[in-house]
Amino acid sequence: MAKIKVVIVEDLEEVVEGLSVFIQHDNTIQLMAAYRTAEAALLEIPLLSPDIVIMDINLPGMSGIECVRQLTLQKKAIQFMMFTVYENNDQVFEALKAGASGYLLKKTSPARIVEAIKDLYNGGSPMSATIARKLVEVFNHHPSGNYSAESSSLLTTRENEVLHFVSRGLSYKEIADQLNLSFHTVKQHIRNIYEKLHVQNKTEAINKAFGGSH
Amino acid sequence: MSENEKVIQLTIAAPWWQQWWFRLLAGVGTLFLVFLIIRGYYTRKLEKQKTILEKQQAIEKERTRIATDMHDDFGASLSRIKFLSEKMKLQQSHQEKLKTDLEKISKYSDEMAEKMGEIVWALNQRFDSLDDLVSFCRSYATEYMEDKNIRLQFTSGQATTIFINGEIRRNVFLVIKEALHNVVKHSGASSVLVSMHFTSQLKVIIKDNGSGINKENIRPFANGIENMKKRMEEIGGTIIFKNEHGATITMQVPLHKNIYP
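Residues numbered from 1 in each chain as written. Chains lettered and ligands numbered in written order. Predicted model: local features only at pLDDT ≥ 70, side-chain atom pairs only at ≥ 80, totals over all residues. Heavy atoms only, no water.

### What about the overall build of chain B?
In step 1: For chain B, the helix and strand inventory stands at five helices and five strands.
In step 2: For chain B, the α and β elements follow one another from N to C terminus as α-α-α-β-α-β-β-α-β-β.
In step 3: Long-range pairs, those at least 24 residues apart, make up 69% of the contacts in chain B with a sequence separation of at least 6. (Helix = DSSP H or I, 4+ residues; strand = E, 2+ residues; numbered from the N terminus. Contact = heavy atoms within 4.5 Å.)

### Brief notes about the overall build of chain A
In step 1: Broken down by element type, chain A carries nine helices and five strands.
In step 2: Reading the secondary structure of chain A in the N-to-C direction produces β-α-β-α-β-α-β-α-β-α-α-α-α-α.
In step 3: Out of the 214 residues in chain A, the part that is buried amounts to 55%.
In step 4: Nonlocal contacts in chain A, meaning residues at least 24 apart in sequence, comprise 66% of its contacts between residues at least 6 apart.
In step 5: For chain A, the accessible area works out to roughly 9600 Å², and carbon and sulfur atoms hold 53% of it. (Buried < 20%, exposed > 50% of the residue type's maximum accessible area, 1.4 Å probe, protein only. Areas by Shrake-Rupley, 256 points an atom, 1.4 Å probe, with all protein chains shown as cover.)

### Considerations on the packing of helix α2 (residues 96-123) of chain B against helix α4 (residues 166-187) of chain B
All names here are of chain B.
In step 1: Contact geometry for α2 and α4: axes closest at 8 Å, N-to-C directions at 145°. Contacts between α2 and α4 involve Glu114, Glu118, Ile119, Trp121 and Ala122 on the former and, on the latter, Gly166, Arg169, Arg170, Phe173, Leu174 and Lys177.
In step 2: Residues belonging to the contact of α2 with α4 are distributed by class as follows: five nonpolar, one polar and five charged. (Axes fitted to C-alpha atoms, helices over the stretch in contact; angles between N-to-C directions. Nonpolar A, V, L, I, M, F, W, Y, C, P; charged D, E, K, R; others polar.)

### Details of the pairing of strand β1 (residues 4-9) of chain A
All names here are of chain A.
In step 1: Of all six residues in β1, five are buried, a share of seventy percent or more.
In step 2: The pairing of β1 with strand β2 (residues 29-35) spans six bridges and is classified as parallel. Looking across to β2, one finds that valine 7 is bridged to alanine 33.
In step 3: Where the polypeptide runs from β1 across helix α1 (residues 13-25) and back to β2, its parallel neighbour, the crossover connection is right-handed.
In step 4: Two strands pair when backbone bridges link them, and β1 and strand β3 (residues 52-56) are joined in this way by four bridges, in the parallel orientation. Bridge pairing links valine 9 to methionine 55 in β3. (Pairing = 2+ DSSP bridges. Right-handed = clockwise from strand over helix to strand, strands pointing away.)

### With respect to the interface of chain A and chain B
In step 1: If you look at the interface, chain A gives 35 residues, while chain B gives 34 residues.
In step 2: Note on chain A versus chain B: buried area summed over both sides is about 2900 Å², and carbon and sulfur give 58% of it.
In step 3: Of all residues in chain A, Tyr86(A), Lys107(A) and Arg168(A) bury the most surface against chain B, accounting for 22% of the area lost on that side.
In step 4: On inspection of chain A and its partner chain B, the count reaches two salt bridges.
In step 5: The interface formed by chain A and chain B contains five residue pairs in polar contact (both at pLDDT 80 or more).
In step 6: Within the residue set of the side of chain A that touches chain B, elements represented by two or more residues are α1, α5 (110-121) and α6 (129-140) of chain A.
In step 7: It is α1(A) that provides the largest number of residues to the side of chain A that touches chain B, a total of nine residues. (Buried area = accessible area lost by both parts, 1.4 Å probe. Salt bridge = Lys/Arg side-chain N within 4 Å of Asp/Glu carboxyl O. Polar contact = N/O pair within 3.5 Å; in protein donor to acceptor, adjacent residues only side chain to side chain.)

### Describing the pattern of salt bridges
In step 1: Tallied over the entire structure, the rule returns 24 salt bridges over all chains.
In step 2: With a closest N to O distance of 2.8 Å, Lys196(A) and Glu159(A) form a salt bridge. With Lys196(A) in helix α9 (residues 183-211) and Glu159(A) in helix α7 (residues 157-167), this pair connects stretches of sequence that are 37 residues apart.
In step 3: Its relative accessible area of 4% is what places Glu159(A) among the buried residues.
In step 4: With a closest N to O distance of 3.6 Å, Glu114(B) and Lys177(B) form a salt bridge. You can see Glu114(B) sitting in helix α2 and its partner Lys177(B) sitting in helix α4, a full 63 residues away along the chain.
In step 5: Glu114(B) gets classed as partly exposed once you look at its relative accessible area, which sits at 31%.
In step 6: With relative accessibility at 16%, the residue Lys177(B) sits in the buried group.
In step 7: What emerges from the salt-bridge pattern is a single network uniting Lys82(B), Glu86(B), Lys89(B), Glu103(B) and Asp110(B).

### Structural notes on empty space enclosed by the protein
All names here are of chain B.
In step 1: Within the structure shown, the criterion is met by one cavity of 30 Å³ or more.
In step 2: Along its surface, the largest cavity is lined by 12 residues, and Val183, Asp208, Ile213, Ala247 and Ile249 are the ones closest to its centre.
In step 3: Mapped onto the lining of the largest cavity, the elements with two or more residues apiece are α4, β3 (201-208) and β5 (247-254).
In step 4: The element that contributes the greatest number of residues to the lining of the largest cavity is α4, accounting for four residues.
In step 5: Taken together, the residues that form the lining of the largest cavity break down as seven nonpolar, four polar and one charged. (1 Å grid on protein atoms, 1.4 Å probe; cavity = no way out; pocket = protein on both sides within 12 Å on 5 of 7 lines; lining within 4 Å. Points joined across faces, edges and corners; volume = space filled by probe spheres on them.)

### Here we look at the nonpolar core
A general tendency of soluble globular proteins is for nonpolar side chains to be buried together.
In step 1: Counting residues in hydrophobic clusters, the biggest one holds 51 residues, and the most contacted among them are Ile45(A), Met55(A), Met127(A), Ile131(A), Leu135(A) and Leu163(A).
In step 2: Element by element, the count of residues in this core is highest for α6(A), at six residues.
In step 3: Those residues within four positions of Ile131(A) in sequence are excluded, and the remaining contacts are Glu87(A), Val92(A), Phe93(A), Leu96(A), Tyr103(A) and Tyr194(A).
In step 4: Within the second largest apolar cluster, 45 residues are counted, among which are Ile176(B), Ile206(B), Phe241(B) and Leu255(B). (Core = buried A, V, L, I, M, F, W, Y, C linked by side-chain atoms within 4.5 Å.)

### Let's talk about the packing of aromatic side chains
All names here are of chain B.
In step 1: With the rule as written, the count across this model stands at 12 aromatic pairs over all chains.
In step 2: Ring plane angle 85° and centroid distance 5.2 Å describe the contact between tryptophan 16 and phenylalanine 22, whose orientation is recorded as edge-to-face.
In step 3: The partly exposed category is assigned to phenylalanine 22, whose relative accessible area is 27%.
In step 4: Between the aromatic rings of phenylalanine 136 and phenylalanine 173, the centroid separation amounts to 5.0 Å while the plane-to-plane angle is 70°, which identifies the pairing as edge-to-face. Of this pair, phenylalanine 136 sits in helix α3 (residues 130-145) while phenylalanine 173 is found in helix α4, placing the two residues 37 residues apart along the sequence. Each member of the pair, phenylalanine 136 as well as phenylalanine 173, carries the same accessibility label: buried.
In step 5: Among the aromatic residues, those joined into a ring-pair cluster are Trp121, Phe136, Tyr140, Tyr144 and Phe173.
In step 6: Here the guanidinium or amino end of arginine 169 rests over the ring plane of tryptophan 121, the centre of that ring lying 4.7 Å away. (Phe/Tyr/Trp six-rings, centres within 6.5 Å; stacked < 30°, edge-to-face > 60°. Lys NZ or Arg CZ within 6 Å of the ring centre and 35° of its normal.)

In structure tokens, the structure reads:
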């Protein structure tokens, strides 16, 4: 089996070193490179074509979010995993909008970080209640977060149900039990919701760019 | 009737203060005066509210600034410590003593990051709603109970965007955290139910099927209970401990006082 090719973008030396040691310790993951700035990553990553990029958000100079935004336009196959201190952060959501499909908390134990990399590679995506609540707003255009039965045209009924459960803080396992779905199906729904967010965000960006010209 | 009697008709002119025009003027004048007083009252009240609101906004702004600074600066340093110790642990795995010490360092930095996360969450006004409190508690409980071999059932009412300030959020969360900690450490329970519901006030129930609370004998329990009581007092709520097939803790917190004027 081919190894999962990973690149790290992180400015703190100790964090890069610690992370590298654990990634290299696992024989299904190959660490290709590590960059200390978004600018360097932006130049080099398109040439490397990794499977997964672990991206810090607070970087000197260009932010990790902007870096993701620009790289997703060039390389569709790369998956971005944001690397952040807290999940209750607006920036995490901005990064997800920009094209990231996962985030990793810095408090996570190294063993779980390795697990999360494999999970993202195999189609899983984490989502917190706070992020789910913001997604509800994005898809339903209800700024106050009105959780009515009114479903959005973008999401399927099932995806909406899953999203509402996540927004109330239920775990994937609890959601699977509530909706009589398999754990795997719930994960797939989450992934689809992220995909639709990216598509919508791109459409919005295009509309903004071309909307005024005619 | 005698002939000498004469009927003289007298018309006494009403004094000026009983004239219709004076009454009208007085009426209009009084109304105007009342209007002025009421207007003055509301203007003053509005001004007062405005200053309160401005003060509140300034505090909110400061809260958010502190939260952001803590998040960015302390967060980075804690990450450094954590990953450094994790790396050393892996590399020095043959030295047992060193390994346990390093384990402690990474455990303490994790703990500190977690506590800081809670403070940042409580400080940030973006999370000033009952919904945020419920989902934060639910996520915490789910994560905490994940590997503890205790079945967790968490129920909550319909989602509401009721305003609830940082102080109350933090205290309610910390009481739930303490209660769950007790369930794990002392109760020997195999299942626990957490329910958060809102009617006229916020009602939180934590019920387990363990050995119950023995207030006299167990010191760590007593300490935790005092702490929980104090936290509830601080936010004007009540807390009741009961033993019935396990321990039941019931909290009630009024929320109406905390809605913005």
